[in-house]
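Below, each chain spelled out in residue letters.
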Amino acid sequence: MKVKIDGRTLNYRNVWMEGKTINMIDQTRLPFEFRIHKTNSYKETAEAIRRMQIRGAPAIGVAASYGLAQASLEFKYLEPKKFWKLMEEVTQEFLNTRPTAVDLRNMVVRMLMAMKKAETPPQCVEIAFNESQRIAEENAEACKNIGLLGRNLIRNGKGVLTHCNTGALGTVDYGTALSIIRFAHYQNKSFYVLATETRPWLQGRLTSWELTQEDIKHYVIADNAAGYYMKKGDVQIVLVGADRILSNGDVINKIGTYTLATLARENKIPFIVAAPTTSIDLNLKTEDIRIEERDSREITSLRGYNKEKHEFQIIKLYPTDQAKNPVFDITPANYISKIITENQIIEPPYNLKKQLI
Ligand code: MRU
């Protein structure tokens, strides 16, 4: 992704590994400070995922995969039985960091399957490093293809509404829904983006930052302004990502996605979900989904940046910390016009077990 620093445009990935160190763009500091957060142990990596220094379904899956490689290195000299017991525990710890996005599970399971082919812990370390690197590369490639496949859905003219941050910051590079926006922009199309704030964590600030790096015209809007713009005729398409797509086409994504899908249907606006195949779950049913609930203080307080003091500050908004904070919701398949993966554009009626290529 492009990052403008001191008048220069550099190219960064969101997350990458060098030796035993995982580097990630710290998303708790953007858009005010561009910092690379480094983790040197699997515990630090799991903590970074929990704290959302790295976030977005594919990005946390890749971070957890790298984290398993770190763990294998940390336990390299233990006898095999102990080594595998600890690796199972580490896997569980990563699975519990953020339970709703399925990429993390899919990628971690893939890591374990590869690692189990090793005959010794040192051999396992080598496999883990190589496999996690492959997973990261494949994600970047998949996200690029999503953008290339989806870009023609955007026309010149009206607004493209997007929710949460589905950009390079939520993946290894390019993004999902935002990859489509990125590649439509590279076609020199003239359109603008309406980026929802995405209360309470305000992932909209990340989207605005990424669009600014690319010089893509955009406006941040309050989540509850979306219906106003749709009704007014200002929105040509709604593009979102996914944390988990079920075989029946139901989509689990950032809280507020269901509201936007309902409004889009009411206003006859195409509602598109873009995600790599690592975000697809062909096993669970809608009623089995576990929605992550986060700290209520994400709602009752605001975290902002004091420019004079160069520091982040927490401001309390409510007299209470009693709030409900489910961070994902489920959008039923019949609200979704198309699902775009790196391989295909899938149309309803959805039966992904049969439709996936
Ligand atoms: O809680 P977050 O910020 O990790 O949630 C991210 C989303 O809901 C995205 O829409 C999703 O991961 C797909 S795009 C990377």
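Rules used throughout
- Residues numbered from 1 in each chain as written.
- Predicted model: local features only at pLDDT ≥ 70, side-chain atom pairs only at ≥ 80, totals over all residues.
- Heavy atoms only, no water.
- Helix = DSSP H or I, 4+ residues; strand = E, 2+ residues; numbered from the N terminus.
- Contact = heavy atoms within 4.5 Å.
- Polar contact = N/O pair within 3.5 Å; in protein donor to acceptor, adjacent residues only side chain to side chain.
- Domains from an automatic or database assignment.
- Buried area = accessible area lost by both parts, 1.4 Å probe.
- Phe/Tyr/Trp six-rings, centres within 6.5 Å; stacked < 30°, edge-to-face > 60°.
- Lys NZ or Arg CZ within 6 Å of the ring centre and 35° of its normal.

Note that Asp215 resides in the loop between α7 (204-213) and β8 (218-221). Separated by 33 residues in sequence, Asp215 and Arg182 place their C-alpha atoms 10.0 Å apart. Residues in contact with Asp215, not counting those within four places in the same chain, are Lys4 and His185. Side chain to side chain, Asp215 and Lys4 meet in a polar contact 2.8 Å long.

Before going further, it helps to examine the domain arrangement of the chain. Assigned domains of the chain: these are domain 1 (2-144) and domain 2 (152-355). Each partner contributes to the interface: domain 1 provides 39 residues, whereas domain 2 provides 43 residues. For the pairing of domain 1 and domain 2, the buried interface totals around 3,700 Å² over both sides, and the portion due to carbon and sulfur atoms is 55%. Of all residues in domain 1, the largest losses of buried area upon contact with domain 2 belong to Lys2, Arg55 and Thr100, amounting jointly to 18% of the total for that side.

A separate point is the packing of aromatic side chains. On inspection of all chains with the given rule, the structure shows 14 aromatic pairs. Between Tyr228 and Tyr229 the ring centres are 5.0 Å apart and the planes differ by 75 degrees, which places this aromatic pair in the edge-to-face class. Through pairs of rings, three or more aromatic residues link up here, namely Tyr12, Trp16, Phe34 and Trp209. Sitting above the plane of the Phe328 ring, Lys254 keeps its charged end 4.4 Å from the centroid. Above the plane of the ring of Tyr335 lies Arg265, whose end atom (NZ or CZ) is 4.2 Å from the centre.

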